[in-house]
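Listed here are the chains, written in short residue letters.
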Amino acid sequence: PMYRHILIPTDGSALSEQAIRQGVSLARTFGAGVTALTVWPTFHNFALDPARVTATPERYEQDCAARAEKYLAAARVEAGIAGVPCETVHEMNDEPYRAIIDTARARHCDLIVMASHGRRGMSALLLGSETSKVLTHSKIPVLVCR
């Protein structure tokens, strides 16, 4: 088969949920498995957005883990409906593109399917910065969903 293991990064945005659907659909077509990945920045005490200020690193990690579980559960459900094997990974990394590429390499993925931009409200004309960095640095093919 052309692809055997597809990595699908998600940030819970509508566009990345669309990427999950497309990635899972491709996986079903190729008889491949998927790994869904969500990446959160490590704890930083300085936050400009008061909604993001969390009292402690422990609390921050709990909040991230809860949100990550929600985003990854959506991928598991989608894959389950399609009968596609699905693993999930939650990483903490200040450079999400590195976590995406490292996870793809470590798990022997042969395709990355990701949204053109995510939560940070990018213009539809511009690729999101993390997506651009993945495209620049990945040696693995990347399918960008708009």
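Everything below is about the structure shown above.
These remarks concern the structure in this document. It should be emphasised that the depicted structure is a prediction, and the values quoted were computed from it without experimental measurement.

### Brief notes about the packing of aromatic side chains
To describe a pair of aromatic rings, one takes the distance between the centres and the angle between the planes. One pass over the full model with this rule turns up three aromatic pairs. Consider the rings of Tyr 3 and Phe 30, whose centres lie 5.3 Å apart with planes at 80 degrees: the pair is edge-to-face. Taken together, the residues span a long stretch of sequence, with Tyr 3 in the segment before strand S1 (5-9) and Phe 30 in helix H1 (residues 14-30) at a distance of 27 residues.

### Here we look at the nonpolar core
Formed by 18 residues in total, the largest nonpolar core has its most connected members in Ile 6, Ile 8, Val 24, Ala 27, Val 34, Val 84 and Val 113. Of all the elements in the fold, those that place two or more residues in this core are S1, H1, strand S2 (33-40), helix H2 (57-82) and strand S4 (111-115). Ignoring sequence-local partners within four residues, the contact set of Val 84 consists of Val 24, Ala 27, Arg 28, Ala 32, Gly 33, Val 34 and Ala 79. Residues Val 39, Ala 104, Met 114 and Ile 140 belong to the second largest nonpolar core, which totals 14 residues.

### Focus on the sheet that holds S1
Spatial ordering of the open sheet is given by S3-S2-S1-S4-S5, a layout of five strands whose pairing is parallel. Strands at the two margins of the open sheet, each flanked by one partner only, are strand S3 (86-92) and strand S5 (142-145). For this sheet, the mean inter-axis angle between neighbouring strands, taken without regard to orientation, is 20 degrees. Both S2 and S3 contribute to a ladder of seven bridges, which runs parallel. Within the sheet, the bridge partner assigned to Thr 38 lies in S3 and is His 90. Taken strand by strand, helix H3 (residues 96-106) contacts S1, S2, S3 and S4, and its axis lies near 155 degrees from that of S2.

Criteria and thresholds
Residues numbered from 1 in each chain as written. Predicted model: local features only at pLDDT ≥ 70, side-chain atom pairs only at ≥ 80, totals over all residues. Heavy atoms only, no water. Phe/Tyr/Trp six-rings, centres within 6.5 Å; stacked < 30°, edge-to-face > 60°. Helix = DSSP H or I, 4+ residues; strand = E, 2+ residues; numbered from the N terminus. Core = buried A, V, L, I, M, F, W, Y, C linked by side-chain atoms within 4.5 Å. Buried < 20%, exposed > 50% of the residue type's maximum accessible area, 1.4 Å probe, protein only. Contact = heavy atoms within 4.5 Å. Pairing = 2+ DSSP bridges. Axes fitted to C-alpha atoms, helices over the stretch in contact; angles between N-to-C directions.

Purely spatial values, then, with no claim about function.
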